[in-house]
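An overview of the molecular structure
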Amino acid sequence: MSAMSTKMALIGALTISVYAHAGDNACQDSPGVSGTLEGAAAAVAVSLNQPLDQADPAPLSHYLSASADSSRSSDYVMRNYARVALAASQVRQGAFDQARQILTQVELDSPAAVRAALLLAESYRMQGQQEVAGKWLLRIADRYSSDPDALSGLLMAADDLAERGEASTALAVYSRVLEKSLANINSLKGLAEDTSSLYQIMMEGRIDNTRAVNSEVIQRALRGSRFGAVEHYRNLLQAQRQLACLESRQETLREKAFEASLSNTNEAAMVTMLEGEATRTRADIAAMEAQLAAANPWDEVEDLQNSLAQARESLATQQKRLQELRPAVASQAGMTAEQQQALEQRIDHLRQQVSSDRDQINQALRQVLLSLRDDYRELAGDAQLGRASMLQLYASN
């Protein structure tokens, strides 16, 4: 492979589709985005869907200026890729210092960081600073040791170094890629034995795009639709939010039920007391009515009649109060039990859904482990082949 073809291969490897990275975050974007910014973003999307060395720098510069104050997650991703594309256009024109200045603005935690680092090393190589380029390549291998794209880019760079006769630097890069690939395979073995820890890291959102193999597994699981992890991850988060809400509601209902039971107890006691009083009042009324029925025409019965009237009024008051209390006591007990039962059924259903989605995520992660293992094995094999050819070259000299 010639130096120029390797340059094109390296820059071609930086080709990206911004929609693949920014689209999933669209729902998080803030409202009220200006039409100017939207138009600039659309123009950049067109530029970024072709090889970076062919990207038009004009819309890239315009977009970077228009999106400088945007806090949208999609703009964060696109902005960093636009910087890499703009730097690639500078490298193509031989403006290496300007390209490096742009590349220093790429955030290290962005998806574009690996591409920026590879392009930075390539800029030094194209300028003739082979030693600096070699150091950058080894630094990339250390910092992005779990990223298959980074390791693949390093292999292309090593192939080019070998073809140009820089055997010592090529041997160092091949050896480093081989070392990192084998270490990644060993890390995957450990993760395969305990995917539950990987699942917890996914749920807690700790993703490091540099050295951590488990972060590479998580990112591949979330980006690869063929693994089905995204849908189950989304369902799981939604179910967990609903479950937490219902469990909180259940606790609130239990507290209200306890308060209602105290009130219910007091009201039930009041009902019992009123029923006793009403029974005694009826007995008094019956006794007074019997006295009045047995009285002689000349007996003084006015006081007895007044007492009877008062007793009847008291009985009417007692009965009215009982009519008010009895339905309330019955409804309080029945309502709490119904609510508790309905909530418990919904909570049980959500817990089963959480468990099912968790199992599905673990299955997807196991598939990702196998996919990554195959990639690392292929990288290790290519690195081993390149390293062997360099050692054979040394032996023949």
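All values reported here derive from a predicted model rather than from experimental measurement. (Residues numbered from 1 in each chain as written. Predicted model: local features only at pLDDT ≥ 70, side-chain atom pairs only at ≥ 80, totals over all residues. Heavy atoms only, no water.)

A look at the overall build of the protein chain
Of the regular secondary structure elements, the protein chain holds 14 helices and 0 strands. Written out in order from the N terminus, the α and β elements of the protein chain read α-α-α-α-α-α-α-α-α-α-α-α-α-α. Among the 397 residues that make up the protein chain, the fraction classed as buried is 42%. For the protein chain, long-range pairs separated by at least 24 residues make up 73% of all intrachain contacts whose partners lie at least 6 apart in sequence. When the accessible surface of the protein chain is totalled, it reaches about 20,800 Å², and 50% of it is carbon and sulfur. (Helix = DSSP H or I, 4+ residues; strand = E, 2+ residues; numbered from the N terminus. Buried < 20%, exposed > 50% of the residue type's maximum accessible area, 1.4 Å probe, protein only. Contact = heavy atoms within 4.5 Å. Areas by Shrake-Rupley, 256 points an atom, 1.4 Å probe, with all protein chains shown as cover.)

A look at a negative patch on the surface
On the surface, Asp159, Glu163, Glu378 and Asp382 cluster together into a negatively charged patch. Looking at the negative patch, the elements that each hand over two or more residues are α9 (148–163) and α14 (302–396). Structurally, Asp159 can be placed in helix α9. (Patch = residues over 30% accessible without salt bridge, like charges linked within 9 Å, V, L, I, M, F, W, Y side chains within 5 Å. Salt bridge = Lys/Arg side-chain N within 4 Å of Asp/Glu carboxyl O. Lys, Arg positive; Asp, Glu negative; His and termini not counted. Charge placed at Lys NZ, Arg CZ, Asp CG, Glu CD.)

Describing the packing of aromatic side chains
The full count for this structure, using the stated rule, is 0 aromatic pairs. In this structure, Arg100 is placed above the aromatic ring of Tyr124, and the distance from its NZ or CZ to the ring centre is 3.9 Å. (Phe/Tyr/Trp six-rings, centres within 6.5 Å; stacked < 30°, edge-to-face > 60°. Lys NZ or Arg CZ within 6 Å of the ring centre and 35° of its normal.)

A few points about the nonpolar core
Ile140, Leu154, Val173, Leu188 and Val217 are the most contacted members of the largest nonpolar core, which has 52 residues in total. Residue assignment for this core shows that the elements contributing at least two residues are α7 (113–126), α8 (130–143), α9, α10 (167–193), α12 (213–223), α13 (229–294) and α14. If one sorts the elements of this core by residue count, α14 sits on top with 15 residues. Discounting residues that sit within four places of it in the chain, Leu188 has contacts with Val213, Val217, Leu369, Leu372, Arg373 and Tyr376. (Core = buried A, V, L, I, M, F, W, Y, C linked by side-chain atoms within 4.5 Å.)

A look at the confidence of the model for the protein chain
For the protein chain, the average pLDDT comes to 75, and 72% of its residues sit at 70 or higher. Within the model, the stretch residues 1–35 combines pLDDT values under 50 with 58 contacts to residues more than four positions away or in other chains. (pLDDT = per-residue confidence, 0-100.)

Here we look at the pattern of salt bridges
Applying the stated criterion across every chain, the model contains 14 salt bridges. Where Arg125 meets Glu122, a salt bridge forms, and the shortest distance between an N and an O atom there is 3.0 Å. With Arg125 and Glu122 both in helix α7 and 3 residues apart, this pair spans about one turn of that helix. Assessed through its relative accessible area of 3%, Glu122 is described here as buried. One salt bridge in this structure joins Asp160 and Arg125, with 3.4 Å as the shortest N-O distance. Of this pair, Asp160 sits in helix α9 while Arg125 sits in helix α7, and the two are 35 residues apart along the sequence. Given the relative accessible area of 0%, Asp160 is considered buried. Three or more residues joined by partner-sharing salt bridges are found here, namely Glu122, Arg125, Asp160, Arg164 and Glu166.

Digging into the packing of α7 against α9
In the contact formed by α7 and α9, the axes pass within 10 Å of each other and the chain directions differ by 15 degrees. With respect to α9, the axis of α7 lies roughly parallel. Here the hand of the crossing between α7 and α9 comes out right-handed. Where α7 abuts α9, its residues Val114, Arg115, Leu118 and Arg125 lie against Asp149, Ala150, Gly153, Leu154 and Asp160. A class-by-class count of the residues in the contact of α7 with α9 yields 4 nonpolar, 1 polar and 4 charged. (Axes fitted to C-alpha atoms, helices over the stretch in contact; angles between N-to-C directions. Parallel < 35°, antiparallel > 145°, perpendicular 65-115°, else oblique. Left-handed = near helix turned anticlockwise from the far one by under 90°. Nonpolar A, V, L, I, M, F, W, Y, C, P; charged D, E, K, R; others polar.)

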